[in-house]
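# Residue-level structural notes
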Amino acid sequence: MSDFNRVLILGTGPTSIQLAVNFKKHTGCYIAIAGRESVRSESFFSALEQNNRQIHASIQNEKHRTMRGDDSLDQIFEGYETILGEWDTIILSVTTDAYIEVIKQINDKVLKKVKCIILVSPTFGSNNLIKNYISNYNSNTEIISFSTYYGDTRWADEKPSNRIITTAVKKKVYLGSSHQASKNMERLYDVFEQLGIVLKMMDTPLEAETRNISLYVHPPLFMNEFSLNAIFGNLNDKKYVYKVYPEGPVTQYLIRDMLSQWKELMMLLEKINIKSINLLKFMTDDNYPVRLESLSRRDIESFVDLKTIHQEYLLYIRYTSLLVDPFSKPDEDGRYFDFSAVPIKKMFINREGKWDIPRMPKEDYYRIKIIQGIAKYLNSDCPVIDKFIQAYESKIQEVVQSHETELLSDAFSIQSFEDDINMICSEIEKSVKAQQKN
């Protein structure tokens, strides 16, 4: 028996509705959504109440029809502190940096009864973080980590409501559990098979969490002078995430930093006995492929064994090969889809009337600070990661000084995330000691 009879989803973003539709349809569970009360969530809860808790998931591409569905929520909770009842499974569908903040608001009696917690889009160490915290209430709770959320989902009407649209779906997602021989993992495999998504089971949750491409590409793409100026500088100056300089940040120096950061991460994984990743293969096979005319199979497979300059060359080819979608159909002028034209989002006024930072790089700041903390704990050098953090923190300090008379969100605070790092490292230490005994 799996633990999907009563499922509670935490978070009021569009992914929560997609998750609810999928779980309701393929497990027949009793399902609820909970979220914090805020200006942002007000329209979400209002739409649910006005539509008798009905939810609607649509698709952009017919090949993703398994994601489509209409259903109704069995319960909603406005405010995490209002959650009542017994729940077999909790699904965390909030940003990674908010995991503990959200869990702390839930009644102790609820946490003591939970059998399984699923992390939809964790970062490296998130499973250990939740495992350490929840052990205070129930040491038998299973914690499952996805490598990443399995689609690209947004509000159908561009504002929080009961309707979402999924525009892209991943072919493969990695999964890891804190429990061996997990029945819940087997059930998830069956559910996702019906959705047309391959779930690859990893030996540990940490290993699954390393299979998120954001860990490897977001810090170099966003935490550099060019991108930071685009995010926090002239609001009329439009730049693009994946374009080469001067339209975007991609230069030989960015590629050099991307490669160096990957090597720092691989050194970290080696210290805790996690399999390394072929970065180029992961980019092309698990994310966005390029034509073999651009990158040969031989180069992709042998990437980790090549000299540094050769590796940099191949990574640069990879990014320039994706300036256009190489598999799109050209228009009448012979032009392919402008695949790299993803605008760098700028700081903005949020619903509370404060200046705020886009999820990229705000969420990446948390991710990379956690990695830096783990690296320091394991005495693993990470000078490039240190450089990215220094660049980001210097820029937000600069913004604070230049906006002294304006309201700024908490995202502009320099943070250590010390508590989270300590909890994660505590679990790593337990794991290392257990391996030494065996």
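That block above? That's the structure.
Residues numbered from 1 in each chain as written. Predicted model: local features only at pLDDT ≥ 70, side-chain atom pairs only at ≥ 80, totals over all residues. Heavy atoms only, no water.

## Quick word on the side chain of S227
Here S227 is to be found in helix α9 (residues 225-232). Other than its neighbours up to four places away in sequence, S227 contacts L221, F222, P249 and I344. (Helix = DSSP H or I, 4+ residues; strand = E, 2+ residues; numbered from the N terminus. Contact = heavy atoms within 4.5 Å.)

## Digging into the sheet that holds strand β2 (residues 30-35)
Judged by pairing direction, the sheet is mixed, and its 8 strands sit side by side in the order β5-β2-β1-β6-β7-β8-β11-β12 without closing on themselves. At either margin of the open sheet sits one strand with a lone partner, and together these are β5 (75-78) and β12 (198-201). Between one strand and the next, the sheet's axes are offset by a mean angle of 20 degrees, whatever the strand orientation. Helix α2 (residues 39-50) contacts β2 and β5 of the sheet and is inclined by roughly 150 degrees relative to β5. (Pairing = 2+ DSSP bridges. Axes fitted to C-alpha atoms, helices over the stretch in contact; angles between N-to-C directions.)

## Some thoughts on the pattern of salt bridges
Tallying each qualifying case throughout the model produces 19 salt bridges. As a salt-bridge pair, E62 and R68 come within 3.4 Å of each other at their nearest N and O atoms. Judged by its relative accessible area of 44%, E62 is partly exposed. Residues participating in the shared-partner salt-bridge network are K281, D285, R297 and E301. (Salt bridge = Lys/Arg side-chain N within 4 Å of Asp/Glu carboxyl O. Buried < 20%, exposed > 50% of the residue type's maximum accessible area, 1.4 Å probe, protein only.)

## Here's the deal with the packing of aromatic side chains
According to the stated counting rule, one finds 17 aromatic pairs in the structure shown. Ring geometry for F44 versus W155: centroids 5.9 Å apart, planes at 55 degrees, classification tilted. On the criterion of sequence distance, the pair formed by F44 in helix α2 and W155 in strand β9 (residues 151-155) is long-range, its members being 111 residues apart. Grouping residues by exposure puts F44 and W155 together as buried. Between F146 and F192, the aromatic rings sit 5.4 Å apart at their centres with planes inclined by 50 degrees, giving tilted as the arrangement. In this pair, F146 sits in strand β8 (residues 142-146) while F192 sits in helix α6 (residues 183-194), placing the two residues 46 residues apart along the sequence. (Phe/Tyr/Trp six-rings, centres within 6.5 Å; stacked < 30°, edge-to-face > 60°.)

## Examining the sheet that holds strand β3 (residues 54-59)
Sheets are built from strands paired through backbone hydrogen bonds, the pairs being either parallel or antiparallel. Strands sit in the order β4-β3-β10-β9 across an open sheet of 4 strands; the sheet is mixed. With partners counted over all chains shown, the strands left at the sheet margins are β4 (69-72) and β9, one partner each. Averaged over all pairs of adjacent strands, the angle between their axes in this sheet comes to 25 degrees, without regard to strand direction. Judged from the 5 bridges that link them, β9 and strand β10 (residues 163-169) form a sheet pairing that is antiparallel.

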